[in-house]
Amino acid sequence: MIENKIDSLLSIMTLKEKIGQLVLYSGSWDVTGPPSDIGNKEKYEKLKNGEVGAMLNVTTVAGTKELQETVIENSRLKIPLLFGYDVIHGFKTIFPIPLGESASWDLEAIKKSSSIAAKEATASGINWAYGPMVDISRDARWGRIMEGAGEDPFLASEIAVARVQGFQGDDLSKKTTLAACAKHFAAYGFAEGGRDYNTVSIGEYELHNTVLPPFKAAAKAGVATMMNAFNEIDGIPATGHKELQRDILKESWDWDGFMVSDFASISEMIPHGYAVDKVHAAERAILAGCDMDMEGRAYEVGLEQLVKEGKVDEKLIDDAARRILRIKYRLGLFDDPYKYCDEAREKNDIYTKENIEASRDVAKKSIVLLKNDDTILPLKKDTRSIAVIGALANDKDSPIGSWRAMATANSAVSLLEGIKAAVDKTVKVSYAKGVAVGVGERNFVRELKINQEDVTGISEAVHIAKEAEVVVLAVGEEAFQSGEGRSQVSIDLTMPQQKLFEAIWAVNKNVVVVLMNGRPLVITDIAKKAPAILETWHLGSESGNAIADVLFGDYNPSGKLPVSFPRSVGQVPLYYNIKNTGRPTNVDSMVFWSHYTDEKNTALFPFGYGLSYTSFEYKNIEVSTPSFSAGGAITVSITVTNTGKRKGKEVVQLYIRDLVASITRPIKELKGFELIELEAGKSRTISFTINEEIIRFYTANKKWEAEPGEFKVFVGGSSKASLEASFFFKK
Ligand code: BGC
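Because the structure is predicted, anything quoted here is derived from the model rather than measured. In this convention, every chain numbers its residues from 1, walking through the sequence in written order. Reporting of local features is limited, given that this is a predicted model, to residues whose pLDDT is at least 70; pairs of side-chain atoms are given and counted only at 80 or more, and all residues count toward the totals for whole chains, interfaces and linings. The basis for every side-chain value is the complete set of non-hydrogen atoms in the structure, without hydrogens or water.

(A) Geometry of the pairing of strand β1 (residues 23–26). With a 1.4 Å probe rolled over the protein chains alone, any residue whose accessible area is under 20% of its type maximum counts as buried; one over 50% counts as exposed, and the rest are partly exposed. Counting from the N terminus, the helices are the DSSP runs of H or I reaching at least four residues and the strands are the DSSP runs of E reaching at least two. Side chains of β1 alternate between two faces, with Val23 and Tyr25 and Leu24 and Ser26 buried alike. The rule for pairing is simple: two strands pair if DSSP sees at least two bridges between them. Of the pairings in the sheet, the one linking β1 to strand β10 (residues 293–294) comprises 2 bridges and is parallel in character. Bridge pairing in β10 links Leu24 to Met294. When β1 meets strand β2 (residues 54–56), the two strands line up parallel, connected through 3 bridges. Among the inter-strand pairings, Leu24 is bridged to a residue of β2, identified as Ala54.

(B) Geometry of the site of the ligand. Close to the ligand lie Leu56, Asp86, Tyr130, Arg144, Lys183, His184, Met227, Phe230, Asp262, Phe263, Met294 and Glu484. What qualifies as a polar contact is a pair of N or O atoms within 3.5 Å, subject to a donor-acceptor requirement within protein and to the restriction that residues adjacent in sequence count only when both atoms come from side chains. Here an oxygen atom of the ligand sits 2.9 Å away from a polar atom, N or O, in the side chain of Lys183. Accessibility throughout is a Shrake-Rupley quantity obtained with a 1.4 Å probe, and a residue counts as covered only by protein chains that appear here. Out of a free accessible area of 310 Å², the ligand has 92% covered by protein chains. When the residues that make up the shell around the ligand are grouped by side-chain class, the tally is 6 nonpolar, 1 polar and 5 charged. Any residue with a heavy atom positioned within 4 Å of a molecule or strand is treated as near that molecule or strand. Gly is placed with the polar residues, together with every amino acid not listed as nonpolar (Ala, Val, Leu, Ile, Met, Phe, Trp, Tyr, Cys and Pro) or charged (Asp, Glu, Lys and Arg).

(C) Expanded view of the pairing of strand β25 (residues 709–716). Pairing of strand β20 (residues 648–658) with β25 involves 6 bridges; the strand directions are antiparallel. What sits directly across from Tyr655, in β25, is Phe714. Once β25 ends, the chain turns through 6 residues before running back antiparallel as strand β26 (residues 723–730).

(D) Looking closely at the state of the cysteines. What counts as a disulfide here is a pair of cysteine sulfur atoms lying within 2.5 Å. In the structure shown here, the tally under the stated rule is 0 disulfides. Cysteine Cys290 shares no disulfide, and the gap to the nearest cysteine sulfur, in Cys181, comes to 11 Å. The class of Cys290 is buried, set by a relative accessible area of 0%.

(E) Examining the side chain of Asn545 more closely. Take Asn545: it is sitting in helix α20 (residues 543–551). What makes Asn545 buried here is its relative accessible area of 13%.

(F) Examining helix α3 (residues 38–48) more closely. Among the residues making up α3, those that are buried are Asn40, Lys43, Tyr44, Lys46 and Leu47. An end-on view of α3 places all buried positions within 160° of arc, on one side of the element. Residues count as neighbours in contact if any of their non-hydrogen atoms are within 4.5 Å of one another. Its buried side turned inward, α3 meets β1, β2, α4 (61–74) and α12 (299–308). Where α3 terminates, the next one or two residues include Gly50, which has phi positive at roughly 70°. Directions are taken from the helix axis to each C-beta atom, and the arc is the one they span.

(G) How the structure looks around the sheet that holds β2. In spatial order, the strands read β4-β3-β2-β1-β10; together these 5 strands make up an open sheet with parallel pairing. Both outer strands of the open sheet, β4 (128–129) and β10, are each paired with one neighbouring strand and no more. As paired elements, strand β3 (residues 82–85) and β4 share 2 bridges and run parallel to each other. Counted as the bridge partner of Tyr85 is Ala129 from β4.

(H) Region of interest: the packing of helix α1 (residues 2–12) against helix α13 (residues 314–331). Helix axes are fitted only over the stretch in contact, all axes being lines through C-alpha atoms; the angle between N-to-C directions runs from 0 to 180 degrees. Following both chains from N to C, one finds α1 and α13 inclined at 130°, their axes separated by 10 Å at the closest point. Taken as axis vectors, α1 and α13 run oblique relative to one another. For the element pair α1 and α13, the recorded crossing hand is right-handed. Seen from α1, the contacting residues are Ile2, Glu3, Lys5, Ile6, Asp7, Leu9 and Leu10; seen from α13, they are Asp318, Ala321, Arg322, Leu325, Arg326, Tyr329 and Arg330. The class makeup of the residues in the contact of α1 with α13 is 7 nonpolar, no polar and 7 charged. Orientation categories follow fixed angle ranges, with anything under 35 degrees roughly parallel, anything over 145 roughly antiparallel, 65 to 115 roughly perpendicular, and all other angles oblique. We call a crossing left-handed when the near helix sits turned anticlockwise from the far one by less than a right angle, and right-handed when that turn is clockwise.

So this is what it looks like as structure tokens:
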């Protein structure tokens, strides 16, 4: 039906109009009347001529309506615009940064936060979210690690699907859902040295087995669009990568959405050394299967000429335009181009009490309890006195994090506010800043220079720490220390923050460290000393309340790390699903094995790890039958008991190892998980099904297959899961 409509529309479109659909502009000029500056004036004229398919960064009902009207009232064919926006972890109500939210392992909660983000964005005229970001990353130096779901392809795939479903719902044509965009296709998270936009040189097997699975899962879940990437992969820029975009994504996966370039990534193929000029870049990109040009200005200068010269078959332009029109039809824009321009919704659906409550709910589920010696946590609400220390504790902005969409600056609940709201009136809550956090980069430029040496505030902090029964110390990173373009060589806490911790710990051992950060940090020294550590990421609008929920035990923490925390920056890239190598262990106490001579190989806190205020015991791992063959399955079961004194949640994790294969396989791979809740003293038997699908991988035959042989299976509460059994797969 839609395809017929597209056929008839395409049949009356001129080449210029078709190319117009492939053009995306960023626009941020005032919405009252045509823009005054030359660049924007030109965009405005093109909008009127039907030479633009989509806009980015135009928000509000008034803003989007005005541009939609410009197109509908002036252009020949009145093809409605898409309005894209970086809706990464909320729109106005801000949820935890994606890496943090992934620590919840709670797919329902994750789906819900995306659906609320979609509801708010669509109430502001947006119909296309530039998320989810599904890049696997194992390098904490890379600032954009905060935007993804961590290091593991299985967990990231499950989360990708939850986010796509949250954004798109079950019906793209509803007013409250929008088109999602899985990005960045592909391998952007594997930039050399963690330097943003840099070279990627991973091999074909790593690409298929580690990088592509979340994209494939998103494609299968019907993601409307994808975005390619700034990086090259083994010499070929992702934007000009035909094998990836045409052969794998569109042919082999049979995906019918459209591919947008990343910001100017088509014309960036010139400095990459892959195109002579914009015309050449346009040729490379369209041949490779990139359908829409985001601000690269290459398609508008190059495509018409390329078709006329016979260098690009017009059929390719038709296919790209068809894909874009298809999404516009699915969104229902042809029935009503103004369907997202609803002033009443804009007034009523954004930043509602309900949405803010939902943000608190996901936020508390995203907190990971890293350490709790002597069960110092949860704190009692009638603790005599609490010293709250650290600039981040009194910061209402940093918890909003990077990629904050339409969030109001300084709108988050600070930790200090959260604590004050949670405790009895009789409790003395004192506050001292101690030291500044670090060198943040506000928005695009490095303008916030902080004197890294200034430790003069420590004495005041020590003073209040001495007087208090317990100290809550917030340390970590400011909002803009992570995110795009924020790669760092050091992932240590800044020296003043380390000094602050030492000084406080010297006078009061009851220190609860609250980490706020967008990437794994090296906290090896603090982890040795502090009795309790909470990883709270950048938690969003309700940060302080959510942290207080966990600090005082109103919520029993259930988060598990989606990414390994290194002991030293020298260990990165660091991840649990490593290969064994030929020299995995120390034989005869010689140095000739794969290790560092000055540090352990293991993470300080591994993938999948997180404590609770109760404890869980795993027993009786059982495999239903010793082997299965094609079409069959086995069941792995385990009994989990809550051995503590409180009700709690646990993420039961299943890992496998394929012992011998046509290409080497990781020593452990997550293949299933279940988030369960158990009353104190209660047990439950959890079962996982293992079938051919689960043990498949991209083999030496260059196909996804299950290979016969022996497998080990592990179940536990982290990637260290040690209860083990084995099974065989027979062809
Ligand atoms: C980022 C994308 C983003 C785009 C539009 C680029 O710099 O890499 O993730 O969607 O800008 O803002």
